[in-house]
2 protein chains.
Amino acid sequence: MTEIITKKSIGVVLFPGFELLDVFGPLEMFGTASEYFNICMVAENSSLVESKQGPKSLAEYSFEEPITYDILLVPGGEGTRREVRNESMLAWLRKQAAHAEYVTSVCTGSALLAKAGVLDGICATTNKIAFDWATSQGPEVIWKKQARWVEDGKFFTSSGVSAGIDMSLAIIQKMLGQETAEQIAIWAEYDWHRNASWDPFAKLCGLV
Amino acid sequence: MTEIITKKSIGVVLFPGFELLDVFGPLEMFGTASEYFNICMVAENSSLVESKQGPKSLAEYSFEEPITYDILLVPGGEGTRREVRNESMLAWLRKQAAHAEYVTSVCTGSALLAKAGVLDGICATTNKIAFDWATSQGPEVIWKKQARWVEDGKFFTSSGVSAGIDMSLAIIQKMLGQETAEQIAIWAEYDWHRNASWDPFAKLCGLV
């Protein structure tokens, strides 16, 4: 019997000042299951995009192309402070969020989704050190102070930086089953936090 | 009083098929202390380099330039199977390792250092699933089966993929002190494994 697998596309949005691990932690996990996922790097203009830490990555797709992605991944990083005022970014996020099967963010990426209005009435979390700024971008969002990640329908928002790895494994578990997610975590020798409510950083950062 | 900080340069070697998190986990940690470290992406030819997972990153430096780096970082990934036969790569690694203050690797990156001969007589570790292949590249290396990372003089070699993050924090602790390393881990909301001998994956992969 021939098994036909239709790969799910992951649209990862880059902008100057994106946080490296917000992007490449999740992409390590999804990319290891390359028979199921197709990674597409997107930016306002297809070009090299400089991260907050310096290294530059190629966005092969732009906002101009009439493509929608099955999974939207929005990273954080200091560039979000500028991007919350970028109407092209917010309009693109609204369009993608309306079509995507999963809308996901890492760190202050949820501030961009919140400013775009797509998280109104949705439970979500964000970076713990930048919590006040990030949550101010979306007063109608139901923000959770203590959570590694929050799942609400098709929306998965994670806490800061490394939390995106745990969230990605949870999404892979939901889509492909626990065994596949466990195999990917072991392959990466990663100590996966499987509990979405595990979050010592909320206390360390004085939020609870 | 004016404090003058001389940044340490980190030379990160890229090659087609490098593993994303092997590179960008460590660079998230070092890059967060950007006042102390200057990240330089290097490849045989300065160019865009495609990772095993697909995304392409820019190497702004090549092997041709007469530059040596304070810290050498060698990632793993399936491209190492080809690079162990690349004499240009091995010669460049020998030159860099001779000059660097710290010689570091993640995952099967240690197979490249071993093949270059720079780990002969040195204690080291590598990826647990690819342990047999990696260790066969350096019969004179003192390979450790169970370790998150191994420190031997100026050589730091880590276990697979995510272990590079813990190793990098240990190097930062050694160079800049525990408080700085802890602050970086908290900033990244990362559950740092501080114990170099913590390694459940050696058992999960049948090595011990």
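The structure under discussion appears in the preceding block.
All of the points below concern the structure found in this document.

1. Some words on the overall build of chain A
Broken down by element type, chain A carries 8 helices and 11 strands. Taken against the 2.2 N^0.38 rule, which gives 17 Å for 208 residues, the C-alpha radius of gyration of chain A at 16 Å falls within 12% of a compact globule. With the C-alpha coordinates aligned to their principal axes, the bounding extent of chain A is approximately 55 × 40 × 35 Å. Sequence separation of 24 or more characterises 66% of the internal contacts of chain A that already satisfy a separation of 6 or more.

2. Considerations on the pairing of strand β6 (residues 71–74) of chain B
Residues and elements named next belong to chain B. Here β6 shows a buried face lined by I71 and L73 and a second buried face lined by L72 and V74. In the sheet, strand β1 (residues 8–13) pairs with β6 via 3 bridges, with the strands oriented parallel. Within the sheet, the bridge partner assigned to V12 lies in β6 and is L73. Two strands pair when backbone bridges link them, and β6 and strand β7 (residues 102–105) are joined in this way by 4 bridges, in the parallel orientation. Its bridge partner being in β7, L72 is matched across the sheet by V103.

3. Some remarks on the packing of helix α1 (residues 20–32) of chain A against helix α1 (residues 20–32) of chain B
Following both chains from N to C, one finds α1(A) and α1(B) inclined at 160 degrees, their axes separated by 9 Å at the closest point. The angle between α1(A) and α1(B) falls in the class roughly antiparallel. For α1(A) against α1(B), the interelement crossing comes out left-handed. In this structure, α1(A) uses L20(A), L21(A), F24(A), G25(A), L27(A), E28(A) and G31(A) to contact α1(B), whose residues at the interface are L20(B), L21(B), F24(B), G25(B), L27(B), E28(B) and G31(B). Of the residues that constitute the contact of α1(A) with α1(B), the class distribution is 8 nonpolar, 4 polar and 2 charged.

4. Topic: the relation of the copies chain B and chain A
Rotating chain B by 180 degrees about the axis while translating it 0.0 Å along that axis superimposes it on chain A, leaving an RMSD of 0.0 Å. Read as a symmetry element, the transformation amounts to a two-fold axis. Of every C-alpha in chain B, the one belonging to S57(B) sits nearest the axis of rotation, 2.2 Å from it. Looking at chain B, 100% of its interface residues are interface residues in chain A too, so the copies touch through the same face.

5. Considerations on α1(B)
Counted at 1.5 Å a residue, the expected span for α1(B) with its 13 residues is 18 Å, and the 18 Å between its end C-alpha atoms agrees. Within α1(B), 13 of the 13 residues are buried, which leaves the element mostly enclosed by the surrounding structure.

Parameters at a glance
Residues numbered from 1 in each chain as written. Chains lettered and ligands numbered in written order. Predicted model: local features only at pLDDT ≥ 70, side-chain atom pairs only at ≥ 80, totals over all residues. Helix = DSSP H or I, 4+ residues; strand = E, 2+ residues; numbered from the N terminus. Rg over C-alpha atoms; globule rule 2.2 N^0.38 Å. Contact = placed C-beta atoms within 7 Å. Buried ≥ 20, exposed ≤ 12 C-beta atoms within 10 Å, placed from the backbone. Pairing = 2+ DSSP bridges. Axes fitted to C-alpha atoms, helices over the stretch in contact; angles between N-to-C directions. Parallel < 35°, antiparallel > 145°, perpendicular 65-115°, else oblique. Left-handed = near helix turned anticlockwise from the far one by under 90°. Nonpolar A, V, L, I, M, F, W, Y, C, P; charged D, E, K, R; others polar. Least-squares fit on C-alpha atoms with pLDDT ≥ 70 in both. Expected span 1.5 Å × (residues − 1).

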